[in-house]
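Reading the structure
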Amino acid sequence: MAEESNYILEVKHLCQHFSSGRGKNKLLVKAVDDVSFGVRPAETFGLVGESGCGKTTTGRTIIRLYNPTSGEMYFNGRDIAGPMTKDLRRYLTDNIAMIFQDPIESLNPRMTIEEIVGEGLRIRGMKDKDEVRARVHEMLEKVGLTEEHATRYPHEFSGGQRQRIGIARAMIIKPKMIIADEPVSALDVSIQAQVINLLNDLKEEMGLTILFIAHNLSVVKYFSDRIGVMYYGRLVEIARGDDLYRCPLHPYTKALLSAIPEPNPITERTRKRIDYDPERDHDYSVEKPTMVEVAPEHFVYCSPSELEQYQKQLGL
Amino acid sequence: MAINPNETVLKVEDLRISFKAYGGMVQAVRGVSFDLKRGETVAIVGESGSGKSVSIKAIMGILAPNAVIESGRIEYDGMDLTKVSEEDFHKIRGNRIGLIFQDPLSALNPIMKIGKQITEVLHLSKKISSEEAKHRALELMHAVGIPEAERRFNQYPFQFSGGMRQRIVIAIALAGDPEILICDEPTTALDVTVQAKILELINKIKEERHLSVIFITHDLGVVANMADRVNVMYAGKIVESGTSEEIFFEPAHPYTWALLSSMPDLQTKERLLAIPGTPPNMIYPPAGDAFAARNKYAMKIDFEKEPPSFKLSDTHYASTWLLHPKAPKVDLPDVLRARIERMKGAK
Ligand SMILES: Nc1ncnc2c1ncn2[C@@H]1O[C@H](COP(=O)(O)OP(=O)(O)O)[C@@H](O)[C@H]1O
Ligand SMILES: Nc1ncnc2c1ncn2[C@@H]1O[C@H](COP(=O)(O)OP(=O)(O)O)[C@@H](O)[C@H]1O
Ligand code: SF4
Ligand SMILES: [Mg+2]
Ligand SMILES: [Mg+2]
């Protein structure tokens, strides 16, 4: 990666380890293990991988819901991995907002929509009630709701509407970056498309940078400029969406891609699934793997001999 | 066993089911008809709340107590399953028709060893010794791909991963040696690589055991992977049915169009054709075509009169006024047409 960073968010060698249990039952979970990536301004970076691979933990560590075990993180050049101060907390909440998977659980049932969406403004010291209200109404309109919705409570809304409320709450403070953690996974097919279109419109309109976390690869591919593939706490491949799908290099990426059923009976009849078995597919007993840029913008976690093989595969 | 592909093993006719609820009757299933032929897989696809699970719960005789079967028949082996006594259902459920749910945890007893959960079903279905039952259970565990079956036999559900649990549920469903297997979103809670393995497994045991399968899902990729024929459900009705090819390449109902074009595939670049609004409240289902309010092609009649089922081929039917000879001609949305061309060209 270039020394001169043109990234708005840069994560270097991030580790987030959790320990659970006590005594001899103590277990160390390396939820995020030596993860490095950067996100450019106004770019959408997709993070995919199967449940438990560390996507959510990565997002939560960036907004400092957890203290990182080790590693560096920078936002707009500023260190955001250091000791938590009032000032850093403020900086993070001003700049990065999060949208969650479950729109029901993430909204306080006792608050009206106006209170939920306007909370970010009040926390930032906006005291004028009319001004808050006007901004809330404006934001509701932007996400496809109306001002009549402002006085109601979350339970009065459908799943898709609740996710719109979650998006309005995140956007009202005009953050530079959004971390969207499975924002459409809990929604019905017909509603998913509405929310994806809304996020796309807001992204264009507000020049947002997005870290888009999901396990549906078609959605990630559609929505992201570049994609990072995670497996058991590690990033194993990073590439532009088209490159990743056209020439996947890491055997786990290949396995993941081979498993997505496509809505096409012709290709599905002949689908060949590829299995991934780290024990079988890699020999790291002598050569150790590192993250290498195999081709421009295409990074793979591999050993020197795997690198040679990948280069051949790409015709380099 | 010789399979006669035209033999109908199960036939659902004009099934109507409502639920007594606070605020009125929820009209969950509003005149559903479909059949299952021997050896085939029929998919039922639709959004949540469209009535998929309620329809198959009626087949299994496990409807909630507040359910009312208003009308219809479910023909199976000379019986009408809507009229069968609970006692007789015991002989059908598990032994002749097996069921796999979405959530394997809720289907398993958390405090019973999984071996026992399988042998219990075996004992219920025939008189066998406990050694024989254990032997059969291990065989079943093998068949569904559980490694180290002997050791796993004595473990509890929490000691299994989600995918392995679903395999156990499949083993239990197979224990009674059914001829029909109903799968209700069996892979929705699983990761894609695990899903792929479970789908392969279901297809494999289907071939080996000559099963006929009803497969419920909301994922069109999974439909394309599994189904010989497809029923598209919306607001308690089947709005279109056809072979997999007919549904994916010659869809006729605007709701099918919307489903097919609303999600991106790996090639999609253009803006998604989202379906506006939400599905209707089934206490007050709308008159006419229930999809009309969300359908930009809807005509006046769509809001007034329920469309009949129009026949497009011997296997392809759709309920939309657009197919009426006097209706204006409406073409497939361009996005969908382009996608279908691309799909047909893929190999
Ligand atoms: N607060 C926590 N304490 C202990 N373990 C955790 C915690 N949060 C997550 N984990 C573990 O870390 C791993 C990664 O979890 P997560 O980031 O939620 O994955 P994903 O979002 O990709 O599904 C999992 O094994 C999970 O059980
Ligand atoms: N026991 C019940 N009481 C009241 N309404 C019910 C009951 N079970 C299901 N319903 C309603 O019936 C409709 C169809 O549900 P279901 O068949 O489970 O949908 P799906 O297509 O997602 O499987 C929904 O509107 C649901 O809320
Ligand atoms: S795991 Fe091995 S020992 Fe156990 S039942 Fe299967 S073949 Fe026999
Ligand atoms: Mg997560
Ligand atoms: Mg269901």
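Residues numbered from 1 in each chain as written. Chains lettered and ligands numbered in written order. Predicted model: local features only at pLDDT ≥ 70, side-chain atom pairs only at ≥ 80, totals over all residues. Heavy atoms only, no water.

**So, the site of ligand 2**
Residues and elements named next belong to chain B. Residues in contact with ligand 2 amount to 13 residues; listed here are only the nearest, Gly-49, Gly-51, Lys-52, Ser-53 and Val-54. The contact in question runs from an oxygen atom of ligand 2 to an N or O atom on the backbone of Gly-51, over 3.0 Å. Between ligand 2 and Ser-53 there is a distance of 2.8 Å, counted from an oxygen atom to a side-chain nitrogen or oxygen. When ligand 2 sits alone it has 570 Å² of accessible area, and the protein chains cover 69% of it. Counting only elements with at least two residues in the shell around ligand 2, the list comes to strand S2 (24-37) and helix H1 (52-60). In terms of residue count, the dominant contributor to the shell around ligand 2 is H1 (three residues). When its residues are assigned to classes, the shell around ligand 2 shows five nonpolar, six polar and two charged. (Near = heavy atom within 4 Å. Polar contact = N/O pair within 3.5 Å; in protein donor to acceptor, adjacent residues only side chain to side chain. Areas by Shrake-Rupley, 256 points an atom, 1.4 Å probe, with all protein chains shown as cover. Helix = DSSP H or I, 4+ residues; strand = E, 2+ residues; numbered from the N terminus. Nonpolar A, V, L, I, M, F, W, Y, C, P; charged D, E, K, R; others polar.)

**Section: the site of ligand 1**
Residues and elements named next belong to chain A. If you check the shell around ligand 1, you find Phe-18, Val-29, Ala-31, Glu-50, Ser-51, Gly-52, Cys-53, Gly-54, Lys-55, Thr-56, Thr-57 and Tyr-66 and nothing else. Within the side chain of Thr-56, one N or O atom sits 2.7 Å away from an oxygen atom of ligand 1. When ligand 1 is considered free in solution it has 560 Å² of accessible area, and contact with the protein chains removes 62% of it. Elements represented by at least two residues in the shell around ligand 1 include exactly strand S2 (27-39) and helix H1 (55-62). Top contributing element to the shell around ligand 1 by residue count: H1, with three residues.

**Re a negative patch on the surface**
Residues and elements named next belong to chain A. A grouping of Glu-138, Glu-141, Glu-147 and Glu-148 is seen on the molecular surface, where their side chains present a negatively charged patch. The topology assignment puts Glu-138 in helix H4 (residues 129-142). The class for Glu-138 is partly exposed, based on a relative accessible area of 44%. (Patch = residues over 30% accessible without salt bridge, like charges linked within 9 Å, V, L, I, M, F, W, Y side chains within 5 Å. Salt bridge = Lys/Arg side-chain N within 4 Å of Asp/Glu carboxyl O. Lys, Arg positive; Asp, Glu negative; His and termini not counted. Charge placed at Lys NZ, Arg CZ, Asp CG, Glu CD. Buried < 20%, exposed > 50% of the residue type's maximum accessible area, 1.4 Å probe, protein only.)

**A short note on the domain arrangement of chain B**
Residues and elements named next belong to chain B. With domains assigned, chain B is organised as domain 1 (8-227) and domain 2 (252-345). One C-alpha centre belongs to domain 1, the other to domain 2; they are set 30 Å apart. Taken together, the contact between domain 1 and domain 2 spans nine residues of the former and eleven residues of the latter. Of the roughly 910 Å² buried between domain 1 and domain 2 on both sides combined, carbon and sulfur atoms contribute 55%. It is Arg-30, Glu-47 and Leu-220 that lose the most area in domain 1 upon contact with domain 2, and together they represent 52% of the buried surface on that side. Counting every contact that joins domain 1 to domain 2 gives one salt bridge. A salt bridge links Arg-294 to Glu-47; the nearest nitrogen and oxygen atoms lie 3.9 Å apart. Here the side of domain 1 that touches domain 2 takes five residues from S2, the largest share from any one element. (Domains from an automatic or database assignment. Contact = heavy atoms within 4.5 Å. Buried area = accessible area lost by both parts, 1.4 Å probe.)

**Some words on the sheet that holds strand S12 (residues 298-302) of chain A**
All names here are of chain A. On the basis of which strands lie adjacent, the open sheet formed by eight strands has the order S6-S7-S8-S3-S9-S10-S12-S11 and mixed pairing. At either margin of the open sheet sits one strand with a lone partner, and together these are strand S6 (96-99) and strand S11 (290-295). On average, each strand axis in the sheet is tilted by 20° relative to the strand beside it, whichever way the strands run. Pairing geometry for strand S9 (residues 226-231) and strand S10 (residues 234-240), over six bridges, is antiparallel. Pairing of Tyr-231 across the sheet is with Arg-234, part of S10. Packed onto the sheet, helix H2 (residues 86-95) meets S6 and strand S7 (177-181) and runs at close to 60° relative to S6. The strands that helix H12 (residues 304-313) touches are S11 and S12; relative to S12, the one it contacts most, it runs at about 140°. (Pairing = 2+ DSSP bridges. Axes fitted to C-alpha atoms, helices over the stretch in contact; angles between N-to-C directions.)

**Some thoughts on the pairing of S12(A)**
For a regular strand, side-chain orientation follows a simple rule: the groups alternate between the two sheet faces. Residues and elements named next belong to chain A. For S12, the buried fraction is high: five of the five residues fall into the buried class. Residues His-298, Val-300 and Cys-302 point to one face of S12 and Phe-299 and Tyr-301 to the other, with burial holding for every one of them. In this structure, S10 lies alongside S12, joined through two bridges in antiparallel fashion. Within the sheet, the bridge partner assigned to Ile-238 lies in S12 and is Phe-299. As defined by bridge partners, S11 adjoins S12 across five bridges and the pair is classed as antiparallel. Looking at S12, one finds that Met-291 is bridged to Tyr-301. Counted between consecutive antiparallel strands, the loop separating S11 from S12 contains two residues, among which Glu-297 sits at a positive phi close to 70°.

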